[in-house]
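Chain by chain, the residues run as shown.
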Amino acid sequence: MVAKGIQFVLLIMLSLVVAQAQDLASLRQAVDANPSDAQAWVALGDAYINANDLEQAETAFFEAIALDYLSGDAHFGYGLVKFNQGNLDAALFEFSEMARLYPERFDAHFNRAVTLANLDQANDAIGAFQDAIAQADPEASESDVIAAYTGLAGQLIKVQNYSQAADAYAAAQEIDVSNELAFLQAEALNLAGRGLEALPILTMLENAMGDHRISTLRADIYIAAGQPDFAMRALERALGRALEDSEAQATILVKMGLIQRDQGDESAAIASFQNATRLDPSNLVAYYNLGVALLDAERYMEAVPALEAAFSLNRSDGNLRLALATAYDNVQRVSDAAVQAEAALEVLENPTLVLRAQFILGRSLYMLGGYNEALDQLMDVVTADPGNALAQTWVGLT
């Protein structure tokens, strides 16, 4: 499983909640009575946000800023409006100004961090979340601080700093224990190469939840530690506990099949993948791995329907298209092989896989009578891999 992304929600200042109880008309009257009162404009802007009238809110907050540039609440409100309008650069400016003017305010740093995260500026977002955490007392609630730690962890994962992400998830749990956060911590520990440290956490979670994701992560850790037997036993136990959940069973069986395949037990792997597709006909990974296992076993006629089923679920994956081209090539469906190999070449980046697709395309084009086009593809293969005797043979034929 890949760690879930945190759905960030901007913090709303308390005055917005208070404004819900106030009448728009009376707030408008207060502004009309004293148009130079910046705080009155802020209160009006808050009320317009609560009424979901962003255009009027923008006007009110802008007027407040024009009257008093040091009004942190005005910058905050204007930032909220711009964020909700999708103008993240403007929102970032406002929250950054608020953080500069009032560095002690948790909400300024937090909303700045959320905006940076939405702008995919992970390194800057990390710093902003750290600033928010440093300013948590006395303003922030426990849930606010947990949100800051989980936000920090999410951005650390984006920059592949998994160890510090695990520490951030652990810090969040010191405030309030959460099974989901514990799982994310274990996942981060595994990604950091500290999987063995995650096993006590996963054992606790497995006994408390019985979620199949926990067992598959335990299996990954055992495999990394060179213990495939432990991995299989963990998965078999999980399979027995998931009898009422066919999708979970299918996921577990796919993981078992991958281990069996790595251990050289081809027939057992194929059986696991087949059972997974039976239990969950929408499981793309099961169909793909079944097809690849059947290709490796040179059972090409059986590989075709498995890979076609996978292709019906995902038509954009280059590896899948190459596998399907390979299957078609081996059952003499020449035109179909050419189509899939050519499509695979549009998305594949791995040089080895690119050469494999070019060879299939070149040979298919030759058999279809496109000799010049075939020669172009095959020459690319022999140029990159002069030792490829099969490609050399087909170049000679063209």
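Scoring rules and cut-offs
Residues numbered from 1 in each chain as written. Predicted model: local features only at pLDDT ≥ 70, side-chain atom pairs only at ≥ 80, totals over all residues. Heavy atoms only, no water. Phe/Tyr/Trp six-rings, centres within 6.5 Å; stacked < 30°, edge-to-face > 60°. Helix = DSSP H or I, 4+ residues; strand = E, 2+ residues; numbered from the N terminus. Buried < 20%, exposed > 50% of the residue type's maximum accessible area, 1.4 Å probe, protein only. Lys NZ or Arg CZ within 6 Å of the ring centre and 35° of its normal. Core = buried A, V, L, I, M, F, W, Y, C linked by side-chain atoms within 4.5 Å. Contact = heavy atoms within 4.5 Å. Axes fitted to C-alpha atoms, helices over the stretch in contact; angles between N-to-C directions. Parallel < 35°, antiparallel > 145°, perpendicular 65-115°, else oblique. Left-handed = near helix turned anticlockwise from the far one by under 90°. Nonpolar A, V, L, I, M, F, W, Y, C, P; charged D, E, K, R; others polar.

Asks: Residue-level account of the packing of aromatic side chains, with values.
Replies: In this structure the tally under the stated criterion is 7 aromatic pairs. Ring centres of F76 and F95 lie 5.8 Å apart, and the angle between their planes is 70°; on these two criteria the pair is classed as edge-to-face. Separated by 19 residues along the polypeptide, F76 in helix α5 (residues 72–84) and F95 in helix α6 (residues 88–101) bring together distant segments of the chain. The burial state of F76 is the same as that of F95; both residues are buried. Taking 5.8 Å as the distance between ring centres and 75° as the angle between the ring planes, the aromatic pair formed by F110 and F129 counts as edge-to-face. With a gap of 19 residues between them, F110 in helix α7 (residues 106–118) and F129 in helix α8 (residues 122–134) connect regions that are remote in the sequence. As far as the burial class goes, F110 and F129 line up, both buried. An aromatic cluster is built from F106, F110 and F129, whose rings are joined through pairwise contacts. The side chain of R213 reaches across the aromatic face of F183, ending 4.5 Å from its centre.

Asks: Outline the nonpolar core, listing residues and values.
Replies: In terms of nonpolar packing, the biggest core is built from 124 residues, with L202 and L307 touching the most fellow members. Ignoring sequence-local partners within four residues, the contact set of L307 consists of Y288, G291, V292, L295, L320, A323, L324 and A327. Counting 8 residues, the second largest nonpolar core, distinct from the first, contains L355, F359, L378 and V382.

Asks: With reference to specific residues and values, describe the packing of helix α3 (residues 38–50) against helix α4 (residues 54–67).
Replies: The packing of two helices is summarised by the inter-axis angle and the distance between the axes. Where α3 meets α4, the axes come as close as 8 Å, and the angle between the chain directions of the two elements is 160°. By the criterion of interaxial angle, the relationship of α3 to α4 is roughly antiparallel. By crossing handedness, the relation of α3 to α4 is classed as left-handed. In this structure, α3 uses A38, W41, V42, L44, G45, D46, Y48 and I49 to contact α4, whose residues at the interface are Q56, A57, A60, F61, E63, A64 and L67. Split into classes, the residues belonging to the contact of α3 with α4 amount to 11 nonpolar, 2 polar and 2 charged.

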